[in-house]
Amino acid sequence: MENKKPVKNGWIYTTIFSLLSVLYIMPIVVVLMNSFKRKTYINREPFGLPNEKTFEGLKNYISGIEKIDFFSAFKNSLFITICSVAVIILCTSMCAWYISRVKSKVSSGMYYLCAFSMIVPFQMVMFTLSKISDMLKLGNPAGIIIVYLGFGAGLAVFMFCGFVKAIPLEIEEAAMMDGCTPIQTYFKVVLPILKPTCISVAILQAMWIWNDYLLPSLVLDTKRWKTIPIAVQYLKGGYGAVDMGAMMAMLVLAIIPIIIFYIACQKYIVDGVVAGAVKG
């Protein structure tokens, strides 16, 4: 085997990308530092490390949790995110399997509609969405799952279709010959093979749904149901006053779960995205 030659001037690329990494991580570090400061010092010394004069301890976290009822908002966000991601994966993977295996005008139309939905700006459907959601009584954690399914289906179907087309049809035919029904073939043969793409779709959809502010604010009855992004906004007082210490603390608590989820699943995301793009 031939030895691979080292990349010329590789240290330059390493330095550039290291600096870019620091720039991306810096906002999170700033939020974390300021969550432990007294709010009067956050605006004065936003980039300074907490010291004896500015250190507030866990008071910002306790204050924020009490002011916005953080655990109730966390429960709502967790329920909406988990259920929405599960419904999106199940429905879109089955849809992609049907589209890829049944060659007809209907299946082709479904595929192009899903692909078209990815390029339609959200602002075009905001008013109609809010009106229909009110009419169908979707302003609750269970109802918004249906809305997320509609908005998340385009990308998910596109990724699943590419992966399903790469699965040899002979595997499914063998399962059918052994007596499996189409439903059994899907759950026992197809779905396990789709695991890398399922995880990739789950990561992308979970990061979007967990951090989403606009869609819940349009659909949910925010007087009864608040997600974390909506609840954090209640730390703003009158005349533009903001409890910056409590807000920084709540932002830290909000990003911890999704960071843990991403780190745990990141090794699958590249494989899933590449596998989903094997065939158009």
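Parameters and conventions
- Residues numbered from 1 in each chain as written.
- Predicted model: local features only at pLDDT ≥ 70, side-chain atom pairs only at ≥ 80, totals over all residues.
- Heavy atoms only, no water.
- Patch = residues over 30% accessible without salt bridge, like charges linked within 9 Å, V, L, I, M, F, W, Y side chains within 5 Å.
- Areas by Shrake-Rupley, 256 points an atom, 1.4 Å probe, with all protein chains shown as cover.
- Salt bridge = Lys/Arg side-chain N within 4 Å of Asp/Glu carboxyl O.
- Helix = DSSP H or I, 4+ residues; strand = E, 2+ residues; numbered from the N terminus.
- Buried < 20%, exposed > 50% of the residue type's maximum accessible area, 1.4 Å probe, protein only.
- Axes fitted to C-alpha atoms, helices over the stretch in contact; angles between N-to-C directions.
- Parallel < 35°, antiparallel > 145°, perpendicular 65-115°, else oblique.
- Contact = heavy atoms within 4.5 Å.
- Nonpolar A, V, L, I, M, F, W, Y, C, P; charged D, E, K, R; others polar.
- Polar contact = N/O pair within 3.5 Å; in protein donor to acceptor, adjacent residues only side chain to side chain.
- Phe/Tyr/Trp six-rings, centres within 6.5 Å; stacked < 30°, edge-to-face > 60°.

A. Main features of a nonpolar patch on the surface. A cluster of nonpolar residues, Trp11, Ile12, Tyr13, Ile16, Phe17, Leu20, Leu23, Tyr24, Ile25, Met26, Val29 and Phe47, forms a patch on the protein surface that exposes about 1300 Å² of accessible area. You can see methionine 26 is positioned in helix 1 (residues 10–34). By relative accessible area, which is 36% here, methionine 26 ends up partly exposed.

B. Spatial organisation of the packing of helix 4 (residues 70–101) against helix 9 (residues 182–193). At their nearest, the axes of helix 4 and helix 9 sit 12 Å apart, and the two run at 105° to each other. What the angle tells us is that helix 4 and helix 9 run roughly perpendicular. Contacts from Leu90, Ser93, Met94 and Trp97 in helix 4 reach Pro182, Ile183, Thr185, Tyr186, Phe187, Val190 and Leu191 in helix 9. A breakdown of the residues in the contact of helix 4 with helix 9 according to their chemical character gives nine nonpolar, two polar and no charged.

C. Geometry of the side chain of asparagine 60. Within the secondary structure layout, asparagine 60 lies in helix 3 (residues 59–68). With relative accessibility at 6%, the residue asparagine 60 sits in the buried group. A distance of 2.9 Å separates a polar side-chain atom of asparagine 60 from the backbone oxygen of serine 35. Sequence-distant contacts of asparagine 60, defined by excluding residues within four places in its chain, comprise Asn34, Ser35, Phe36, Lys37, Gly245, Ala246, Ala249 and Met250.

D. Main features of the packing of aromatic side chains. This structure, assessed with the given rule, holds 10 aromatic pairs. Taken together, a centroid distance of 6.3 Å and an interplanar angle of 15° make the contact between phenylalanine 36 and phenylalanine 55 stacked. Taken together, the residues phenylalanine 36 in the loop between helix 1 and helix 2 (39–42) and phenylalanine 55 in the loop between helix 2 and helix 3 connect sequence positions 19 residues apart. Since its relative accessible area comes to 23%, phenylalanine 36 is described here as partly exposed. Between phenylalanine 70 and phenylalanine 71, the ring centres sit 5.8 Å apart and the planes meet at 75°, which makes this aromatic pair edge-to-face. Look at phenylalanine 71 and you get exposed, because its relative accessible area is 57%.

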